[in-house]
Amino acid sequence: MASSSDPEEEQSEISESEITDCVKKIYSQLQSKHYKVKKSGAYKCPFCPSKKKQRYQYKDLLQHASGIGMSNKPPKMKAQHQALAKYMKHDLANPKLVHQIVAVNPVPPQRKDDDKYVWPWKGILVNLPVKHQGGQYTGKTADEIKEMISNFNPSEVFPLLDHKGHTGRCIVDFGADWGGFRNAMSFDKHFQSRGVGRLKWQERKHKSKEVHGWIAMEVDFNRSGQVADHLRQHGVLKSVDDVMQEESSKARSCVANLTVQIEAKNQDIYEMECKYNSSALSLAQVMEDREGLTRAYNEELRMLEEAFCAHHQSVLKQNEKMRAELEYKRMQLEERSRQLTIESSQYEINKQELDSERQKKAEIEQLKVNEEVLLLTEQQKREKEENLKRILQLQKELDAKQQLELEIEKLKGQIEVRRHMGGGNDDSALKEKMESLKEELQDKIEELEFYQDTYKGLLERESRAKDEVNEARKELIQQLQNILGPRTAIRLKRMGELKAEVFKKSAPPGEDADRWATTVCSKWQDELRDPKWYPFKEDGRRGEEKVVIKDDEKLIEVKNIYGEEVYEAIKIALLELNEYNPNGRYTVNEIWKAKENRKATLKEVIQYIFKQWKSLKAKRR
């Protein structure tokens, strides 16, 4: 008894046409035990001695033989494995396993050969109870019907409806497998046994008190009506043989595909085994190299550890030395820190004393400046009063001078009259009179010239005094900028400056009042600086010249758009700019008495400063 094929048989090859004869020959050799297939309860393939796997279960060897027998292998190999598969099925058959592998389809239930059914298998229920409510017929739902026939395991139930509602009929779907067919047949037999099947429904002419049911067949499929429409829409007509043939065809195709896949997997396993053997050899070499590297690594590691221990000891000694040095330096730093803390405290004390002295000196200097300004103001005031007295005196003298000039002119006229009237006894007296008048005239002329020179000098002194007062006022404004605030009784005011708060009331609805007021205020501040805009006129009423505002197009526009309050604010700003800075038209600071809304005098400013100084001095005490 051979365990493998003969050498001659292995070397010879056959054609495709010789496969059948070769299968018969090899099958007879297998029956005569020429090839050994079964050993110790396991199976092996006698035609694949080179395969690593030599022990199979019955079903695994049968799949192996069937797969190669239907593959694209050489004809001789296909014939050998076809004969092996035939031998295992007929001579070594295991009924259970054969049923699992070959008989894929279950045996269908008994049926008539030529009957055609609606597939997927369906049943029909008619004469279901319905109720008439609200103009519509209502009946059991699909779930209720499915529960009612749950013994037959329906997969789905479709109640049929029309424009009147529930028709009392429904279609029962049992699925497309043989289990569904058995359930559908049981469903049909159940209703037939109770005398409520299709035939009884037709005999009773569709009139009965009971529910009728049957399996959907060709006669139902070809009829007209709602039931047939549903069957044609959701199924086709097939006989049991048709379904079996389709299932068998699918099973054979599936087995063939699985066999090919198994053979491909086996080939992949064989290739992987080869790769594994090669990898195992490589791995053994790698492991040997790894052992050598490990020994070298361990030796090097040992040397490194020894060097590390020596270095560690050296580092520990250095650390001890450095720790001692650091401790010494830390003590020095702490001592230095204590000294710095003491010096810092002393420095803070000295700094506070210096700041206090500096502040006192600054206050004293400021008071000295204020006193000098006050003295200068008082002196200028006295000089101004004297100048005013002199101006009044000069005014009187000017009137006397004018009177004297009239008298001189009158005397000159008398002299001319006397001269033209001619001589006489009175010539000598007239001459004496004229000489006397000439002397008096000359004295008056000299006195007039003296008064004129004196008046001119007084005017120059008054002009210088005004300039000095203005310079003193400017210096006072400069010095008081950091002292006076927006809420003090005497404060600094920007003459000619518009305030945005005035425009807020005129803001359009829906606008941000602050932003809108700021924008419009800035626009009109620029308009005020325009030198081309000159809405002024001279008003000579009540015996004095005065500059007033005349309403032009811009002011009328302001009044109409923004209102009376904005109009008055712009007029006041125009008058202030014309008074304080008519050439540049930019805003200037002025000392202002807020309570009375007027310009503060130098005397009021000095009095306010001394009042504040006394209050500050009293607080310090």
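About the thresholds
- Residues numbered from 1 in each chain as written.
- Predicted model: local features only at pLDDT ≥ 70, side-chain atom pairs only at ≥ 80, totals over all residues.
- Heavy atoms only, no water.
- Pairing = 2+ DSSP bridges.
- Helix = DSSP H or I, 4+ residues; strand = E, 2+ residues; numbered from the N terminus.
- Patch = residues over 30% accessible without salt bridge, like charges linked within 9 Å, V, L, I, M, F, W, Y side chains within 5 Å.
- Areas by Shrake-Rupley, 256 points an atom, 1.4 Å probe, with all protein chains shown as cover.
- Salt bridge = Lys/Arg side-chain N within 4 Å of Asp/Glu carboxyl O.
- Buried < 20%, exposed > 50% of the residue type's maximum accessible area, 1.4 Å probe, protein only.
- Core = buried A, V, L, I, M, F, W, Y, C linked by side-chain atoms within 4.5 Å.
- Contact = heavy atoms within 4.5 Å.

(A) The sheet that holds strand 11 (residues 490-495), seen in detail. The strand order 11-14-15 describes an open sheet built from three strands, whose pairing is antiparallel. Edge positions in the open sheet fall to strand 11 and strand 15 (598-599), since each of these has one partner strand only. In the sheet, strand 11 pairs with strand 14 (residues 588-593) via six bridges, with the strands oriented antiparallel. Bridge pairing links Met495 to Val588 in strand 14.

(B) Looking closely at a nonpolar patch on the surface. On the surface, a cluster of nonpolar side chains totalling about 260 Å² of accessible area is made up of Leu283, Val286 and Met287. Among the structural elements, Met287 can be located in helix 11 (residues 240-421). The exposure class assigned to Met287 is partly exposed, which follows from its relative accessible area of 36%.

(C) Representation of unusual backbone geometry. Cis geometry is found at the peptide bond from Trp119 to Pro120, where omega equals 0°. With a phi angle near 65°, Lys33 is a residue other than glycine that sits in the positive phi range. Within the fold, Lys33 resides in the loop between helix 2 (19-31) and strand 1 (38-39). What makes Lys33 partly exposed here is its relative accessible area of 42%. Not every positive phi belongs to a glycine, and Asn127 is a case in point at roughly 65°. Mapped onto the fold, Asn127 is located in the loop between strand 4 (121-126) and strand 5 (130-133). Classification of Asn127 as partly exposed rests on a relative accessible area of 25%.

(D) A look at the nonpolar core. Counting 25 residues, the largest nonpolar core has Leu30, Val37, Tyr43, Leu61, Leu84 and Met88 as its most contacted members. Where this core is concerned, the elements lending two or more residues are helix 2, helix 3 (58-69) and helix 4 (75-90). Beyond its immediate stretch of four places on either side in the chain, Leu30 contacts Tyr35, Val37, Ala83, Leu84 and Tyr87. With 23 residues, the next largest nonpolar core counts Tyr117, Ile145, Phe181 and Ala184 among its residues.

Just geometry here; none of it tells us what the structure is for.
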